[in-house]
Amino acid sequence: MTADYQTWLSDVRSAVDSMNMRMETWQERWPFDFEREYRNGTVPDAAAEKANRYWWHEQNKAINQNCLKMPNCWLPRNHRGDCQPVNN
Ligand SMILES: [Zn+2]
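Source: prediction; values computed, not measured. (Residues numbered from 1 in each chain as written. Predicted model: local features only at pLDDT ≥ 70, side-chain atom pairs only at ≥ 80, totals over all residues. Heavy atoms only, no water.)

### Quick notes on the pattern of salt bridges
At step 1: Counted according to the given criterion, the structure contains four salt bridges.
At step 2: Here Glu-58 and Lys-61 are joined by a salt bridge, their closest N and O atoms 3.2 Å apart. Of the two residues, Glu-58 and Lys-61 both sit in helix α4 (residues 44–62), three residues apart, roughly one turn of that helix.
At step 3: Taking the relative accessible area as the measure of exposure, Glu-58 reaches 17% and is therefore buried. (Salt bridge = Lys/Arg side-chain N within 4 Å of Asp/Glu carboxyl O. Helix = DSSP H or I, 4+ residues; strand = E, 2+ residues; numbered from the N terminus. Buried < 20%, exposed > 50% of the residue type's maximum accessible area, 1.4 Å probe, protein only.)

Now the structure itself:
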């Protein structure tokens, strides 16, 4: 991994921290492909958002609380408003 990637990842980590999420804990359970986001040129804040949605989606599925209206929706079951795809 390059120094640039490490810098980028540390910016992602700050953004994840600001969501009151613990990156290590979530990554351990449901690894999100940050390297791919880096290679695709995703900005750190957007990568953190994507990871956040991905982790919640996995968590909701694991506890059987995933939205049933749309398979790709990361919001909890019976949420209000429109569905939000995890990979948006
Ligand atoms: Zn939904």
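### Points about the packing of aromatic side chains
A ring pair, where both rings are aromatic, is described by two values, the distance of the centres and the angle of the planes.
At step 1: Under the definition given, this model contains nine aromatic pairs.
At step 2: Here the aromatic rings of Trp-26 and Trp-30 are separated by 6.1 Å at their centres, their planes lie at 40°, and the arrangement is tilted.
At step 3: Their ring planes at 55° and their centres at 5.3 Å tell us that Trp-26 and Trp-56 sit as a pair that is tilted. One end of the pair, Trp-26, is in helix α2 (residues 23–29); the other, Trp-56, is in helix α4, and 30 residues separate them in sequence.
At step 4: Trp-56 sits in the partly exposed class, given a relative accessible area of 30%.
At step 5: Members of the aromatic cluster, connected to one another through ring pairs, are Trp-26, Trp-30, Phe-32, Phe-34, Tyr-54, Trp-55 and Trp-56. (Phe/Tyr/Trp six-rings, centres within 6.5 Å; stacked < 30°, edge-to-face > 60°.)

### Description of the coordination of the zinc ion
At step 1: Protein coordination at the zinc ion comes from Cys-67 (SG), Cys-73 (SG), His-79 (NE2) and Cys-83 (SG), with a distance range of 2.1 to 2.4 Å.
At step 2: Geometry at the zinc ion is tetrahedral, judged from its four donor atoms and the angles of 103 to 112° they form at the metal.
At step 3: We note that the donor set of the zinc ion lies within a single chain, spaced as C-x5-C-x5-H-x3-C. (Donors = N, O, S within 2.8 Å, 3.2 Å for Na, K, Ca; no water. Tetrahedral: all angles 85-135°; square planar, octahedral: opposite > 155°, others 65-115°.)

### Side note on helix α1 (residues 3–18)
At step 1: Here α1 spans 23 Å end to end across 16 residues, near enough to the 22 Å set by a 1.5 Å rise per residue.
At step 2: Along α1, the positions that sit buried rather than exposed are Tyr-5, Trp-8, Leu-9, Val-12, Ala-15 and Val-16. Within α1, the buried residues cover an arc of 115° as seen down the axis, which keeps them to one side. More than 90 degrees from the buried face of α1, the exposed residues found are Ala-3 and Ser-18.
At step 3: In this structure, the buried residues of α1 make contact with α2, α3 (34–39) and α4. (Expected span 1.5 Å × (residues − 1). Arc of directions from axis to C-beta. Contact = heavy atoms within 4.5 Å.)

### Brief notes about the packing of α1 against α4
At step 1: Their axes nearest at 8 Å, the elements α1 and α4 cross at an angle of 55°. If you check the angle between α1 and α4, you find them oblique. You can see that α1 and α4 cross each other, and the crossing is right-handed. Here α1 contributes Trp-8, Asp-11, Val-12, Ala-15 and Val-16 to the contact with α4, which in turn contributes Pro-44, Asp-45, Ala-47, Ala-48 and Trp-55.
At step 2: Looking at the contact of α1 with α4 residue by residue, the classes come out as eight nonpolar, no polar and two charged. (Axes fitted to C-alpha atoms, helices over the stretch in contact; angles between N-to-C directions. Parallel < 35°, antiparallel > 145°, perpendicular 65-115°, else oblique. Left-handed = near helix turned anticlockwise from the far one by under 90°. Nonpolar A, V, L, I, M, F, W, Y, C, P; charged D, E, K, R; others polar.)

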